[in-house]
Amino acid sequence: MDSQTQQPDQLTAPDLLAAEVHARLAAGDEAAWHEFVSTYENRMYGYLYRLEGNSEDALDLTQEVFYRAWRSIATFHPGERVLPWLYQVARNTQIESHRRKQHQRFSLDEAREEVGFEVTSHARTPVQAAESEQAQDRVQRALMKLAPEYREAVVLRFVEDLPYEEIARLQGIATGTAKSRVFRAKEQLAELLADVADLH
């Protein structure tokens, strides 16, 4: 029950999942799932918040991401990196959410009941909150003016700190195209944010 104590078979590296932990997750071990969610929820929420520009939608999507992860954990290969897999789940979840806006929505209550966990409330705090609230609002508004593929590329690069190769893989494009998207997105953001410039 003491989930704060790191057990030898728990997540030993930030982005690697040990075979023992994978087995517990695949078996539906509730304590293992709580640990998994608390390890990654802020990263997923931050990514989705930047794409959605709306904390409620981002929180809903974050919960759906972990529900989907729970449903498909058996397809994950132990020893592989977790974040690229979760980013792919999050990306697909966000795209599908926009596609089905007019259709029946995923029932979060049903998911909570079935899975036995939900994303904790502290995920509501936007990540990367070093900037002032006003500056962060301006950055978010500027991000929402970019084309979706540019917005996603620049968020993955500068907020999530992914390499260009990983961004290219997630977006299904060449590495050069990923670099080009990030460069163009930076240029557009620089114009939109004349006095708020901390993208390197």
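Heads up: the structure comes first, above all this text.
Residues numbered from 1 in each chain as written. Predicted model: local features only at pLDDT ≥ 70, side-chain atom pairs only at ≥ 80, totals over all residues. Heavy atoms only, no water.

A.B. asks: I'd like to hear about the overall build of the chain, residue by residue, with values.
C.D. replies: Scanning the chain for helices and strands turns up nine helices and zero strands. Going from N to C terminus, the chain has its helices and strands arranged as α-α-α-α-α-α-α-α-α. Considering the chain as a whole, with its 200 residues, one finds that 42% of them fall into the buried category. Contacts in the chain between residues far apart in sequence, at least 24 positions, make up 70% of those at least 6 positions apart. (Helix = DSSP H or I, 4+ residues; strand = E, 2+ residues; numbered from the N terminus. Buried < 20%, exposed > 50% of the residue type's maximum accessible area, 1.4 Å probe, protein only. Contact = heavy atoms within 4.5 Å.)

A.B. asks: I'd like a description of the packing of helix H2 (residues 30-52) against helix H4 (residues 82-99), backed by residues and values.
C.D. replies: As a packed pair, H2 and H4 sit with axes 11 Å apart at the nearest point and diverge in direction by 45 degrees. Considering the angle they form, H2 stands oblique to H4. As H2 runs across H4, the sense of the crossing is right-handed. From H2, Phe 36, Tyr 40, Arg 43, Met 44, Tyr 47, Leu 48, Leu 51 and Glu 52 reach across to H4, where they touch Val 82, Leu 83, Trp 85, Leu 86, Tyr 87, Ala 90, Arg 91, Gln 94 and His 98. A breakdown of the residues in the contact of H2 with H4 according to their chemical character gives 12 nonpolar, two polar and three charged. (Axes fitted to C-alpha atoms, helices over the stretch in contact; angles between N-to-C directions. Parallel < 35°, antiparallel > 145°, perpendicular 65-115°, else oblique. Left-handed = near helix turned anticlockwise from the far one by under 90°. Nonpolar A, V, L, I, M, F, W, Y, C, P; charged D, E, K, R; others polar.)

A.B. asks: With reference to specific residues and values, describe the nonpolar core.
C.D. replies: The biggest cluster of nonpolar side chains holds 49 residues, and the ones touching the most others in it are Leu 25, Phe 36, Met 44, Tyr 47, Trp 85, Leu 86 and Tyr 87. Those elements that place two or more of their residues in this core are helix H1 (19-26), H2, helix H3 (55-72), H4, helix H6 (133-145), helix H7 (148-159), helix H8 (164-171) and helix H9 (175-192). Of all the elements, H2 adds the most residues to this core, at 11 residues. (Core = buried A, V, L, I, M, F, W, Y, C linked by side-chain atoms within 4.5 Å.)

A.B. asks: Tell me what's going on with the environment of Met 44, and back it up with residues and numbers.
C.D. replies: Here Met 44 lies in helix H2. On the accessibility criterion, Met 44 (0% relative accessible area) is buried. Linking Met 44 and Tyr 87, residues 43 residues apart in sequence, is a C-alpha distance of 7.3 Å.

A.B. asks: How would you sum up the packing of H7 against H8? Please name residues and give values.
C.D. replies: For the pair H7 and H8, interaxial distance at closest approach is 10 Å and the crossing angle is 145 degrees. Classified by chirality, the crossing of H8 by H7 is right-handed. Between H7, through Glu 149, Glu 152, Ala 153, Leu 156 and Arg 157, and H8, the contact on the second element is made entirely by Tyr 164, Ile 167, Leu 170 and Gln 171. Looking at the contact of H7 with H8 residue by residue, the class counts come to five nonpolar, one polar and three charged.

A.B. asks: Give me the lowdown on the side chain of Arg 91, citing residues and values where you can.
C.D. replies: Assignment of secondary structure puts Arg 91 in helix H4. Given the relative accessible area of 16%, Arg 91 is considered buried. In contact with Arg 91, not counting residues within four places along its chain, are Tyr 47, Glu 152, Leu 170 and Gln 171.

A.B. asks: Any details on the environment of Leu 17? Residues and values, ideally.
C.D. replies: Structurally, Leu 17 can be placed in the segment before H1. Residue classification places Leu 17 among the buried positions, given a relative accessible area of 2%.

A.B. asks: Kindly report on the pattern of salt bridges, identifying the contributing residues and their values.
C.D. replies: Per the counting criterion, the structure on display carries seven salt bridges. Here Arg 24 ties to Asp 29 by a salt bridge, and the two come within 3.4 Å at their closest N and O atoms. Note that Arg 169 is salt-bridged to Glu 166, the shortest N-O span being 2.8 Å. One end of the pair is Arg 169 and the other is Glu 166, both in helix H8 and three residues apart, which spans about a single turn. Owing to a relative accessible area of 45%, Arg 169 belongs among the partly exposed residues under this scheme. On the basis of relative accessibility, which here comes to 11%, the residue Glu 166 falls in the buried class. (Salt bridge = Lys/Arg side-chain N within 4 Å of Asp/Glu carboxyl O.)

Fair warning: the whole summary comes from geometry, so function is off the table for now.
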